[in-house]
Amino acid sequence: MVGALSATYGLFYLGRANISVVLPIIALDLGLSLAEVGALGTVFFWVYGIFQFISGEIGSHVSPFRIVSIALLGTAIVNLAFSFQTSLIAMLLLWGINGMAQSGGWSPMVRILAERLEPERIKRASTLMPFGYVIGTALTWTLIGAVSAGENWRVAFWLPGLLLLLVLAFWWKAGIDAPKATPRRFQPSAVLAEARGIAFILMAAALVGFVRNGSLIWLPTYILNTDLIAENLVGMVAALMQVIALLGLLLARLRVGSSDQVFVTAVMMFSAAGIGFLLLTTSAGLIAIALLAFALMMLNGAFGLAVTSIPLLLAPPGRASSIAGTVNMMATFIGGTAGFAIGALVELSGWAAVFGLWGAFLLLASLLIWRRRHEEDSARQE
């Protein structure tokens, strides 16, 4: 069950990570700046962030199986329609709708995980879920980088659209759902109280979301700018870095398994990633590529804990979908500003400024989690 959930969510990335590889090509083909095409990422993550909260709350009341099915169908249709567009405005509208569709994947799946597994198995199982989206990103970048070289960027959207219809068929065949729950009434006061109780992880998620989403959107462009890699291999090299990042998830899983400490493990890995990005401000060439791979490895390992394990530990019974949706809302809404902001910052000050900002954000997030590390023991006792 955990494998099917992780695989399905990873394949969602066919319809969202695909755009990262072809942003420079779209800009060249349509005569746009990097900041203008970067707005596609901003719109996506803003809409995705807002609807993460909405989907998370709906996922606490409605069948997760149905929500995920609708989400897969929606993102498939949007990608097929996007491949025919020539107007930036139309692209922004469609990619915003894609953000709404994609928001129906993660939070309902977290509810399934929380309600189908015994409490003592949830922590270790939660460390497996992030493998799906990292592998999904790597597969997407490899595939799209191979088929969309030159000016053939439209295949980067119609091909994932068709593949996502096959993913939908797989999801229907699997038929995984949460147990039927007693209907609850939506209470805004209770939601606000929950948000206040997890304010520290919401702030940390916003900071690390800006870094992670910025890397997802702009990493292929940075690799292209180094002139170390041929244009048709950029997607493959970016995907290889995601494969290396899988080691971060493995390290996080092993550390949590041996220490039974999610919070401290997240602090250690976010700090290591932050230091790696700060070192990148004075590095170049192959050394910079190696440092980037290390920073992404640590970032991905810790990010998986921040958006999966920590929400599951903090969520009251029956509220896992809502808490996961709220945390992801912060990570993706604030992270969405990276689409435009990083594109503009690269053009104004270069990549060193970007890496310095990312490093500072990750160290601040580490501090926020470190100060509340004892909440994990409280959650375990409850």
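Everything below is about the structure shown above.
Remember, it's a predicted structure, so these values are computed and weren't measured experimentally. Numbering of residues starts from 1 in each chain and follows the order in which that chain's sequence is written. At least 70 in pLDDT is required for a residue's local features to be given in this predicted model, at least 80 for side-chain atom pairs to be given and counted, and no such filter applies to totals for whole chains, interfaces and linings, which use all residues. Here the side-chain values reflect all heavy atoms present in the structure, with hydrogen atoms and water set aside.

A word on the packing of aromatic side chains
(1) Moving on: In this analysis, rings of Phe, Tyr and Trp, with Trp reduced to its six-membered ring, are considered paired at centre separations within 6.5 Å, and the interplanar angle assigns stacked below 30 degrees, edge-to-face beyond 60, and tilted for intermediate values. Tallying each qualifying case throughout the model produces 21 aromatic pairs.
(2) Moving on: Centre to centre, the rings of Tyr9 and Phe12 are 5.9 Å apart; their planes meet at 40°, and the pair counts as tilted. Here Tyr9 pairs with Phe12, and both are found in helix α1 (residues 2-12), just three residues apart, close to one helical turn. Each member of the pair, Tyr9 as well as Phe12, is classed as buried.
(3) Moving on: An angle of 40° between the planes, with centres 4.4 Å apart, marks the rings of Phe82 and Phe157 as tilted. Taken together, the positions of Phe82 in helix α4 (residues 64-82) and Phe157 in helix α9 (residues 155-174) put the pair 75 residues apart, joining distant regions of the chain. The two residues Phe82 and Phe157 agree in class, both being buried.
(4) Moving on: An aromatic cluster of at least three residues, connected via ring pairs, comprises Tyr9, Phe12, Tyr13, Trp106, Tyr133 and Phe303.
(5) Moving on: Across the ring face of Tyr13, the terminal group of Arg16 is positioned such that the distance to the ring centre comes to 4.3 Å. Secondary structure follows DSSP: runs of H or I at least 4 residues long count as helices, runs of E at least 2 residues long count as strands, and numbering of each begins at the N terminus. Think of it in three bands: residues with accessible area under 20% of the maximum for their type are buried, residues over 50% are exposed, and the middle band is partly exposed, with areas taken using a 1.4 Å probe on protein chains only. A ring is scored as having a charge over it whenever the NZ atom of a lysine or the CZ atom of an arginine sits within 6 Å of its centre and within 35 degrees of its normal.

Thoughts on unusual backbone geometry
One can expect most non-glycine residues to show negative phi and most peptide bonds to be in trans.
(1) Moving on: One non-glycine residue, Asp260, lies in the positive phi region at around 60°.
(2) Moving on: Considering the arrangement of structural elements, one finds Asp260 in the loop between α12 (234-259) and α13 (262-280).

Scope: geometric values only; no functional claims are made or implied.
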